[in-house]
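Observations on the model geometry
In case you want the letters, here they are:
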Amino acid sequence: METNNGITPGLDLAPAARQLQELIGSVGDGQLDGPTPCPDYAVRELLGHVLGLTVAFRDAAHKKSGPTTDTPPTSALPVLPADWRTALPPLLDELVEAWRSPAALEGMTRAGGVDLPGQVAGMVARNELVVHGWDLARSTGQEFRADEASLRSSEAMLTPGDDDRSGPDAIFGPPVPVPAGAPLVDRVIALSGRRPDWRPGG
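1. Thoughts on the packing of helix 5 (residues 118-140) against helix 6 (residues 148-158)
Packing of helix 5 against helix 6 leaves a shortest axis separation of 9 Å and a crossing angle of 115°. In terms of axis orientation, helix 5 runs roughly perpendicular to helix 6. You can see that helix 5 and helix 6 cross each other, and the crossing is left-handed. For the pair formed by helix 5 and helix 6, the contact residues are Met123, Val124, Arg126, Asn127 and Val130 on the first element and Ala149, Ser150, Leu151, Ser153, Ser154, Met157 and Leu158 on the second. Looking at the contact of helix 5 with helix 6, its residues break down into seven nonpolar, four polar and one charged.

2. Comments concerning the confidence of the model for the chain
When pLDDT is averaged across the chain, the result is 89; 89% of the residues are at 70 or more. Low pLDDT (under 50) marks residues 1-8, which in the prediction has nine contacts with non-local residues, meaning those over four places away or in another chain. Confidence drops under pLDDT 50 across residues 162-169; counting only partners more than four residues distant or on other chains, this segment forms ten contacts.

3. Here we look at helix 6
Of the positions making up helix 6, those classed as buried are Ser150, Leu151, Ser153, Ser154, Glu155, Met157 and Leu158. Those residues of helix 6 that are buried are in contact with helix 1 (14-25), helix 5 and helix 7 (184-191).

4. Here's the deal with the nonpolar core
Judged by nonpolar contacts, the single largest core of 54 residues is most densely connected at Leu47, Trp99, Leu129 and Leu136. The leading source of residues in this core is helix 2 (residues 43-61), at ten residues.

5. Notes on the environment of Asp33
In this structure, Asp33 sits in the loop between helix 1 and helix 2. Between the C-alpha atom of Asp33 and that of Arg44, which follows or precedes it by eleven residues, the distance is 6.3 Å. Other than its neighbours up to four places away in sequence, Asp33 contacts Ala42 and Arg44. Within the local environment of Asp33, its side chain forms a polar contact with the side chain of Arg44, the two groups lying 2.9 Å apart.

6. Examining unusual backbone geometry
One non-glycine residue, Lys63, adopts positive backbone phi at about 60°. Mapped onto the fold, Lys63 is located in the loop between helix 2 and helix 3 (67-70). Look at Lys63 and you get partly exposed, because its relative accessible area is 32%.

7. What about the packing of helix 2 against helix 5?
Contact pair helix 2 / helix 5: the axes reach a minimum separation of 11 Å and the direction vectors enclose 160°. When the interaxial angle is binned, helix 2 and helix 5 end up roughly antiparallel. Here the hand of the crossing between helix 2 and helix 5 comes out left-handed. Of helix 5, the residues touching helix 2 (which contributes Val43, Leu46, Leu47, His49, Val50, Leu53 and Phe57) are Ala121, Val124, Ala125, Glu128, Leu129, His132, Asp135, Leu136, Ser139 and Thr140. Across the contact of helix 2 with helix 5, the residue classes break down as eleven nonpolar, four polar and two charged.

8. As for the side chain of His49
One can find His49 in helix 2. Within polar-contact distance, the side chain of His49 engages the side chain of His132 at 3.2 Å. The residues contacting His49, other than those within four sequence positions of it, are Tyr41, Pro73, Pro78, Glu128 and His132.

9. A word on the pattern of salt bridges
Overall, the coordinates contain 14 salt bridges when judged by the stated rule. For Arg44, the salt bridge is made with Asp33, and the minimal N-O distance between the two is 2.9 Å. Taken together, the residues Arg44 in helix 2 and Asp33 in the loop between helix 1 and helix 2 connect sequence positions eleven residues apart. Judged by relative accessible area, which is 59%, Asp33 ranks as exposed. The partner of Asp70 in a salt bridge is Arg110, with the nearest N and O atoms 2.8 Å apart. One end of the pair, Asp70, is in helix 3; the other, Arg110, is in strand 1 (residues 108-111), with 40 residues separating them in the sequence. Among the residues examined, Arg110 registers a relative accessible area of 24% and is labelled partly exposed. Linked by salt bridges that have partners in common, Glu148, Arg152, Glu155 and Arg187 make up one network.

Calculation notes
Residues numbered from 1 in each chain as written. Predicted model: local features only at pLDDT ≥ 70, side-chain atom pairs only at ≥ 80, totals over all residues. Heavy atoms only, no water. Axes fitted to C-alpha atoms, helices over the stretch in contact; angles between N-to-C directions. Helix = DSSP H or I, 4+ residues; strand = E, 2+ residues; numbered from the N terminus. Parallel < 35°, antiparallel > 145°, perpendicular 65-115°, else oblique. Left-handed = near helix turned anticlockwise from the far one by under 90°. Contact = heavy atoms within 4.5 Å. Nonpolar A, V, L, I, M, F, W, Y, C, P; charged D, E, K, R; others polar. pLDDT = per-residue confidence, 0-100. Buried < 20%, exposed > 50% of the residue type's maximum accessible area, 1.4 Å probe, protein only. Core = buried A, V, L, I, M, F, W, Y, C linked by side-chain atoms within 4.5 Å. Polar contact = N/O pair within 3.5 Å; in protein donor to acceptor, adjacent residues only side chain to side chain. Salt bridge = Lys/Arg side-chain N within 4 Å of Asp/Glu carboxyl O.

Okay, structure coming up:
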């Protein structure tokens, strides 16, 4: 991790969050019922899920216990609130700010009903932004531009065999094969159990 004047910074979720904010701003009302790479979610449920995980991982960074961090993401189909267009972007800003604190990476925390080290929770949060950003881009016909650092973090976390990943990422399906030399973004998306060539209706 980079240091600045000897101070160890927190985790930088800003690039992944900024990309997601840009995508959210271009989602049309007529796209909310469209399909996504997540079989159980239309675009509105995907956005509801993103809103819920944003709050959960923000609170996880602050080591807060309660419904936002104790509830598994699969407990119910996400509901998108009416004010999501104005509510979600500032929540993503709060998430970024929370993980900028080195204290967020220390000790244990909780997210999605799972206890895990702060460092791991931060990586999971960034990975959620990356993967669901790709989901949203593909579902709504937008360009996905993830930064390399975020993609590398997701690749390291999702690659099987590197460590015991039996906890928070168990919601992902088995990796999808990709050709040798596939772009980094395709490798990451395939590791998350998605087909990199997925398109609505395809």
